[in-house]
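Residues per chain are reported as follows:
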Amino acid sequence: MAAEVLRNANICVDLFDSMPSVGRKFLMAGKGGMNITHSEEIDHFISRYSTGKQFLEPYILDFTPNKLREWLSDLGIETFVGSSGRVFPIEMKAAPLLRLWLHRLRSMGVKFYMRHKWVGWSIDNKITLTFSTSNGAINNEYDAVLLALGGASWPKLGSTGEWTSVLIDNGVTFSPFKSSNCGFDATLSEYFTNKYAGHPLKPVTLSFINSSGCCFTKQGELMFTQNGIEGGLMYGFSHLLTDHIEQFGFATIYLDLLPHLSLTDMETRLGKSQGKLSFTNYLRKQLGLDAMKTALLWETFSQTDLSSKKMLCAAIKNLPLKLLSSRPIAEAISSSGGINFEALDENLMIKSIPGVFCAGEMLNWDAPTGGYLLTACFSTGRAAALGVLKRFNSFSQIE
Ligand SMILES: Cc1cc2nc3c(=O)[nH]c(=O)nc-3n(C[C@H](O)[C@H](O)[C@H](O)COP(=O)(O)OP(=O)(O)OC[C@H]3O[C@@H](n4cnc5c(N)ncnc54)[C@H](O)[C@@H]3O)c2cc1C
């Protein structure tokens, strides 16, 4: 995005990436259906950024989800709004978008250099970047540099976070990367995970009470894994849960396994006797509770806990699940942490290194899935490029 803004202003752009091709994580984001932005009202949209809301606001207001959709349409990619309000390209995938976009950037004159890993620099009047390549180290000199090196999740796609030491050595303040939009290890038996890993748990309502007593509740879908639990609903809570686990060593979430039924409805339905039905069949017939949800009850409660209908209903409405740790950052959809906003000016230039700008997930903001991640990357990419242009304009006025 930054390259496009700069080329449109007739600035020469060299684009380097350590990987053999660009946009590997972008392509991965398109695998299960590329959720590129969200259609909700802009104030709500901005409120989703748990870290960095205030800092990001002007950049997102300048390049809103609607403007992003117009930009995509101009590129030849039409989008649609899904039932959840999420916005997707009609083809759902990232590959056609990336193909068209790279074609446009190349024809505009952006020069691409792959397998060029930025490893350091020397900064004088100009900025000399050092790249490690298969032919050894090379140095290139620039008037401005825009870093968009990503966070630290899925490092095999290129964003390894190895660059942090170079910036920290230059006095840039940085918050350590942590897993975000991630799964969690939970106390579930091997029997349960062997049988139900990969199965969705839906619909459920998840509640979490933080250490200040605030209760957060949301309905959605979860998925059991070999180690615990993940899925869209979990991702939305991940920053709260990660912080809590860091502080207390574990976190307990509460699941309502039948959110569409009230306690009274359930008790009435269980008024009918079990007769010759097995417990699982009885719960399925009377409440619509599937075998996996019943198995989850047995994971958590003893026969005595479930001995009365009142206790059984309460258990189904409020099933505790203990989470022990977040899954490693290499498995997370995104990372929180990164360059602190205090280190940057309003044009996303590093205050202590004039001429060097930053954008994307390498900055210290965090958001749930829902198209918020890519939108912030596009907006900050554009804003940082406009910052480069302002800097060049101010020089030409002096000259
Ligand atoms: C499985 C998955 C699904 C996702 N789904 C969605 C989704 O549906 N919607 C959404 O909004 N977001 C989604 N995301 C998140 C989104 O893809 C990222 O937030 C976004 O790609 C970050 O963009 P970026 O440009 O900041 O960094 P990246 O896309 O990580 O790009 C950084 C680039 O910098 C390069 N690089 C790093 N270090 C160096 C170096 N030293 N020298 C040279 N090059 C270097 C890397 O090779 C990489 O190409 C998903 C992520 C994953 C992993």
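Before reading further, recall that the structure is shown in the block above.
Residues numbered from 1 in each chain as written. Predicted model: local features only at pLDDT ≥ 70, side-chain atom pairs only at ≥ 80, totals over all residues. Heavy atoms only, no water.

Student: I'm lost on the pattern of salt bridges in this one. Help?
Tutor: A full pass over the atoms with the stated rule returns eleven salt bridges. The closest approach of N and O atoms between Glu 40 and Arg 48, which form a salt bridge, is 2.6 Å. Each member of the salt-bridge network shares a partner with another, and the members are Glu 4, Asp 74 and Arg 104. (Salt bridge = Lys/Arg side-chain N within 4 Å of Asp/Glu carboxyl O.)

Student: Please explain the site of the ligand as it appears in this structure.
Tutor: Among the 23 residues in the neighbourhood of the ligand, the closest are listed as Asp 17, Asn 35, Trp 118, Glu 361 and Leu 374. Separating an oxygen atom of the ligand from a backbone N or O atom of Leu 374 is a distance of 2.8 Å. Burial of the ligand by the protein amounts to 90% of the accessible area it has alone, namely 1000 Å². Of all the elements in the fold, those that place two or more residues in the shell around the ligand are helix 2 (24-29), strand 6 (117-123) and helix 14 (372-398). For the shell around the ligand, the per-class residue count stands at eleven nonpolar, eight polar and four charged. (Near = heavy atom within 4 Å. Polar contact = N/O pair within 3.5 Å; in protein donor to acceptor, adjacent residues only side chain to side chain. Areas by Shrake-Rupley, 256 points an atom, 1.4 Å probe, with all protein chains shown as cover. Helix = DSSP H or I, 4+ residues; strand = E, 2+ residues; numbered from the N terminus. Nonpolar A, V, L, I, M, F, W, Y, C, P; charged D, E, K, R; others polar.)

Student: Would you explain unusual backbone geometry in this entry?
Tutor: The phi angle of most residues is negative, glycine excepted, and most peptide bonds adopt the trans form. Of the consecutive residues Lys 202 and Pro 203, the connecting peptide bond is found in the cis state with omega at -15°. Despite not being glycine, Arg 115 has its phi angle at roughly 50°, a positive value. With respect to the secondary-structure elements, Arg 115 resides in the loop between strand 5 (111-113) and strand 6.

Student: Sorry if this is basic, but what is going on with the sheet that holds strand 6 here?
Tutor: For sheets, the rule is that strands pair by backbone hydrogen bonds, running either parallel or antiparallel. Spatially, the three strands line up as an open sheet ordered 6-7-8, and their pairing is antiparallel. In this open sheet, the two strands that pair with only one neighbour each are strand 6 and strand 8 (136-142). Across the sheet, the mean angle from the axis of one strand to that of its neighbour is 25°, orientation sign disregarded. Two elements, strand 7 (residues 127-133) and strand 8, share seven bridges in a ladder whose sense is antiparallel. Paired with Leu 129 across the two strands is Asn 140, which belongs to strand 8. (Pairing = 2+ DSSP bridges. Axes fitted to C-alpha atoms, helices over the stretch in contact; angles between N-to-C directions.)

Student: Hey, could you run me through the pairing of strand 13 (residues 215-224) in this one?
Tutor: Both faces of the sheet carry side chains from a regular strand, because those side chains alternate between them. Of the strand pairs in this sheet, strand 12 (residues 200-209) and strand 13 are connected by eight bridges, and their pairing is antiparallel. In the sheet register, Val 204 faces strand 13, and the bridge partner there is Gly 220. In textbook terms, the turn of a hairpin is the stretch between consecutive antiparallel strands, and for strand 12 and strand 13 this stretch comprises five residues, one of which, Gly 213, has a positive phi near 85°. Pairing of strand 13 with strand 14 (residues 228-230) involves two bridges; the strand directions are antiparallel. Paired with Phe 224 across the bridge in strand 14 is Ile 229. With antiparallel pairing between neighbouring strands as the criterion, strand 13 and strand 14 make up a hairpin whose turn holds three residues.

Student: How should the packing of aromatic side chains be read in this particular structure?
Tutor: Given two aromatic rings, their pairing is described by the distance between the two centres and the angle made by the two planes. Counting across every chain of the model gives 22 aromatic pairs. An angle of 50° between the planes, with centres 4.9 Å apart, marks the rings of Phe 45 and Tyr 372 as tilted. With Phe 45 in helix 3 (residues 42-47) and Tyr 372 in helix 14, this residue pair connects regions lying 327 residues apart in the sequence. Of the two residues, Phe 45 and Tyr 372, neither departs from the other in class, the shared state being buried. Grouped by ring-pair contacts, the aromatic residues Phe 16, Tyr 113, Phe 131 and Tyr 142 constitute a single cluster. Sitting above the plane of the Phe 112 ring, Arg 106 keeps its charged end 4.7 Å from the centroid. Between the NZ or CZ atom of Lys 322 and the centre of the ring of Phe 250, over which it lies, the distance is 4.7 Å. (Phe/Tyr/Trp six-rings, centres within 6.5 Å; stacked < 30°, edge-to-face > 60°. Buried < 20%, exposed > 50% of the residue type's maximum accessible area, 1.4 Å probe, protein only. Lys NZ or Arg CZ within 6 Å of the ring centre and 35° of its normal.)

Student: Got a minute to help me understand the sheet that holds strand 15 (residues 251-256) in this structure?
Tutor: Reading around the circumference, 11-14-13-12-15-16 is the order of the six strands in this closed barrel, with antiparallel pairing throughout. For this sheet, the mean angle separating the axes of adjacent strands, direction not counted, is 45°. Across the sheet, helix 13 (residues 309-317) touches strand 15 and strand 16 (319-326), and the angle it forms with strand 15 is around 115°. (Contact = heavy atoms within 4.5 Å.)

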